[in-house]
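Residue-level structure breakdown
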Amino acid sequence: MAKKVLTTPIQAEDLEDIHVGDVIYLTGRLTTCRDVAHRRVIEEKRPLPVDVKDGAILHAGPIIRPLGEDKYEMVTVGPTTSMRMEKFEEEFIKETGVRLIIGKGGMGDGTMRGCRDYKAIHCVFPAGCAVVAATCVEEIIDAQWKDLGMPETLWTSKVKEFGPLIVSIDTHGNNIFEENKVIFNKRKEEVYEEICREVRFIK
Amino acid sequence: MTKDDAVLRMTDIVAKFVAFTGKRLPDDVREKIAELAGQEEEPLAKAIYQTMLKNQELAQELNRPSCQDTGAIQFFLKCGANFPYMSELSGILRESVIRATKEAPLRHNAVETFDEYNTGKNVALGIPSLFWDVVPERDDCEIYTYMAGGGCSLPGHAKVLMPGEGYEGVTRFVLDVMTSYGLNACPPLLVGVGIGTSVEVAALHSKKALMRPIGSHNPNPRAAKMEQLLETGINKIGLGPQGLRGKNSVLGVNIENSARHPSVIGVAVNVGCWSHRRGHIVFDKDLNYTIDSHSEVDF
Ligand code: SF4
């Protein structure tokens, strides 16, 4: 199977054929963006100082090594739990025009609507694979809102085939985590019955 | 060796070992992950496992911590009552964490509660956490090291059940944690279950269960059977790597137990993520050490 690579700027058409469960990669620009940055954009109505229209964001707090003269190196970068941004994400997509959101774990109905209505997708990068992620970063080209501290700064990097990214929400209204939950819960009930037959130790 | 020399030596070894455990997973975890990866057929699950394996190789090659969350450091001790450096031990362990934090480097993960600031050193009130068992008539000291990450600490739950709920209630409790919090804790998980009277007893058992090697069994045949039933059962749910579905869900299920008050069953669940950074090192009275969690240790 050929590697599916998205390159920024990403157009709505590029996302049409992508479905939940697909594995893709990203080449181009990627900006870390998490809790407080989302809050500033949505609640404080401050414009994001980085143009992510047709671009990509990563829910993450990296470990950065300053190299002096405004140069930085990415030591490790791993996704953080996306669900914390759920509250803001639908509006964030609408406000910024971002096309690709990368994080850890699933997101909810708001993000699903945002992705469907404004044509964006949410992907999962396998957590705990911080060194792989860091080695996909070619260089850090910008740092904004540095007042937020290292984890929360908007670090924009040039990345090459950043991934694997597993599509968890597509532009067609599908959400893989929600679908999985239904399956898991159903199987759980069957397993529960099976085990209970064998553990009646109190008689 | 003077006492001062001994303290320096032990601090140095523990610091290096802790830093090392952030970069290489213990043998049992590596073997199990390779085994589970080999069973997957779906491209999605396979891609995730391949990334995990590549990450572990790169971590070693580039000498970097394999996951960005290097946890809050915890030590589980089985210290001989005649171990000559028992009095110095808590100071040694604290200092070794400060050293490992600089040298590895480890992420700063110790936030003072109420005053709410990060100490920047990975030591703070009660961090590293020390859990002591003093063993009579012995003069050596066993240390389990553990990096308690945020994602894998989050599913931790404890509850006191009524006896009427029985081991069926224990089953329900464990399974519910798996399909809710377990999903985001980076499966495949090592699941620790503790059984006893009250919550703190059960909780401590559930964590100590995570120090036991994968594939080991509880000495009580019924408890061992329940480990097996839960392992098979949770695997059938098929959480897969990262909760994105697959053939399995867990690295294993370990149960630790003690007796209970007739009116209650205390139960607790703790999980280790796929990046289960547990180490085991034993010092004799002359501070010669053996490491049995990791072969080919190079520091
Ligand atoms: S749960 Fe484990 S592997 Fe996942 S991000 Fe946390 S420490 Fe890393």
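Residues numbered from 1 in each chain as written. Chains lettered and ligands numbered in written order. Predicted model: local features only at pLDDT ≥ 70, side-chain atom pairs only at ≥ 80, totals over all residues. Heavy atoms only, no water.

**Considerations on the interface of chain A and chain B**
Here is the rule: We call two residues in contact whenever any of their non-hydrogen atoms come within 4.5 Å of each other. We define buried area as the total accessible area lost by two parts upon association, computed with a 1.4 Å probe and summed across both. Take a side-chain nitrogen of Lys or Arg and a carboxyl oxygen of Asp or Glu: if they are within 4 Å of each other, that pair is a salt bridge. Each polar contact in these results corresponds to two N or O atoms within 3.5 Å; when the atoms are within protein, one needs to be able to donate a hydrogen and the other to accept it, and residues that are neighboring in sequence are counted only if both atoms are side-chain atoms. The way it works is that DSSP assigns letters per residue, a run of H or I at least four long becomes a helix, a run of E at least two long becomes a strand, and they are numbered from the N terminus. In this classification, Asp, Glu, Lys and Arg are treated as charged, Ala, Val, Leu, Ile, Met, Phe, Trp, Tyr, Cys and Pro as nonpolar, and every other residue, Gly included, as polar.
Contacts between the two partners involve 45 residues from chain A, matched on the other side by 47 residues from chain B. Interface area for chain A against chain B, summed over the two sides, is near 4,200 Å², with a carbon-plus-sulfur share of 68%. Joining chain A to chain B, the criterion identifies six salt bridges. The residue Glu 73 of chain A makes a salt bridge to Arg 64 of chain B at a minimum N-O spacing of 3.7 Å. Taken together, the connections running from chain A to chain B amount to 16 residue pairs in polar contact (both at pLDDT 80 or more). Looking at the side of chain A that touches chain B, the elements that each hand over two or more residues are strand E5 (71-76), helix H5 (130-135), strand E9 (154-169) and helix H6 (176-196) of chain A. Among the elements that line the side of chain A that touches chain B, the one with the most residues is H6 of chain A, at 15 residues. In the side of chain A that touches chain B, the residues fall into 26 nonpolar, 10 polar and nine charged.

**Examining the UniProt feature "domain: Fe-S hydro-lyase tartrate dehydratase alpha-type catalytic" (unreviewed entry) in chain B**
Heads up, the condition is: UniProt positions are given in the numbering used here, feature names are shortened, and annotations may be inferred rather than shown by experiment.
Here, the residues flagged by UniProt with the feature "domain: Fe-S hydro-lyase tartrate dehydratase alpha-type catalytic" (unreviewed entry) are residues 12-281 of chain B. The span residues 12-281 of chain B is 39% helix and 23% strand, and its two end C-alpha atoms sit 13 Å from each other.

**With respect to the domain arrangement of chain B**
Residues and elements named next belong to chain B. Our working rule: Those domain boundaries reflect an automatic or database domain assignment.
Assigned domains of chain B: these are domain 1 (3-23 + 66-149 + 277-291) and domain 2 (157-272). With eight residues of domain 1 at the interface, the matching set in domain 2 holds 11 residues. At the surface where domain 1 touches domain 2, the tally comes to one salt bridge. A salt bridge links Lys 208 to Asp 133, with the shortest nitrogen-to-oxygen separation between them at 2.8 Å. In this structure, the connection of domain 1 to domain 2 is made through five residue pairs in polar contact (both at pLDDT 80 or more). For the side of domain 1 that touches domain 2, the secondary-structure elements that each account for two or more residues are strand E1 (72-80), strand E4 (129-135) and strand E5 (141-148). When its residues are assigned to classes, the side of domain 1 that touches domain 2 shows five nonpolar, one polar and two charged.

**Topic: the environment of Gly 120 of chain B**
Structurally, Gly 120 of chain B can be placed in the loop between strand E3 (117-118) and E4. Placed 22 residues apart in sequence, Gly 120 of chain B and Ile 98 of chain B show a C-alpha to C-alpha distance of 9.4 Å.

**Here we look at the sheet that holds strand E11 (residues 289-291) of chain B**
Residue and element names in this part refer to chain B. Under the convention used in this document: Two strands form a pair only when DSSP identifies at least two bridges running between them. Axes here refer to lines fitted to C-alpha atoms; in helices the fit is confined to the stretch in contact. Angles between the N-to-C directions go from 0 to 180 degrees.
Sheet architecture is open: five strands sit in the order E4-E1-E5-E10-E11, paired in mixed fashion. In the strand order of this sheet, the two ends are held by E4 and E11, each with one partner. Looking at each pair of strands side by side, their axes are set apart by 15° on average, direction ignored. Note: E1 against E4, seven bridges, orientation parallel. Bridge pairing in E4 places Gln 74 opposite Ser 129. Its contacts with the sheet put helix H1 (residues 3-21) on E1, E5, strand E10 (278-283) and E11, and the angle it makes with E10 is roughly 160°.

**Quick look at unusual backbone geometry**
Backbone torsion omega between Gly 163 of chain A and Pro 164 of chain A reads 10°, so that peptide bond is classified as cis. By the secondary structure assignment, Pro 164 of chain A is in strand E9. Cis geometry is adopted by the peptide bond preceding Pro 128 of chain B, which originates at Ile 127 of chain B and carries an omega value of 0°. Examined against the element boundaries, Pro 128 of chain B turns out to sit in the loop between E3 and E4.

**Details of the site of the ligand**
Quick reminder of the rule: Working definition: residue near molecule or strand if any one of its non-hydrogen atoms lies within 4 Å of it.
Close to the ligand lie Lys 104 and Gly 128 of chain A together with Cys 67, Asp 69, Gly 151, Cys 152, Ala 185, Cys 186, Cys 273, Trp 274, Ser 275 and Arg 277 of chain B, which account for all nearby residues. Around the ligand, the neighbouring residues derive from chains A and B rather than from a single chain. Its residues placed into classes, the shell around the ligand shows six nonpolar, three polar and three charged.

**Digging into the packing of helix H6 (residues 166-179) of chain B against helix H8 (residues 221-237) of chain B**
Residues and elements named next belong to chain B. For the record, the criterion: Two helices cross in a left-handed way if the nearer one is turned anticlockwise from the farther one by less than a right angle. They cross in a right-handed way if the turn is clockwise.
Running from N to C, H6 and H8 cross one another at 35°; their axes reach a closest spacing of 11 Å. As for the relative orientation of H6 and H8, their crossing is right-handed in sense. Contact with H6, carried on its side by Tyr 167, Val 170, Thr 171, Val 174, Leu 175, Met 178 and Thr 179, involves Met 226, Leu 230, Ile 234 and Ile 237 of H8 and no other residues of that element. A per-class count over the contact of H6 with H8 returns nine nonpolar, two polar and no charged.

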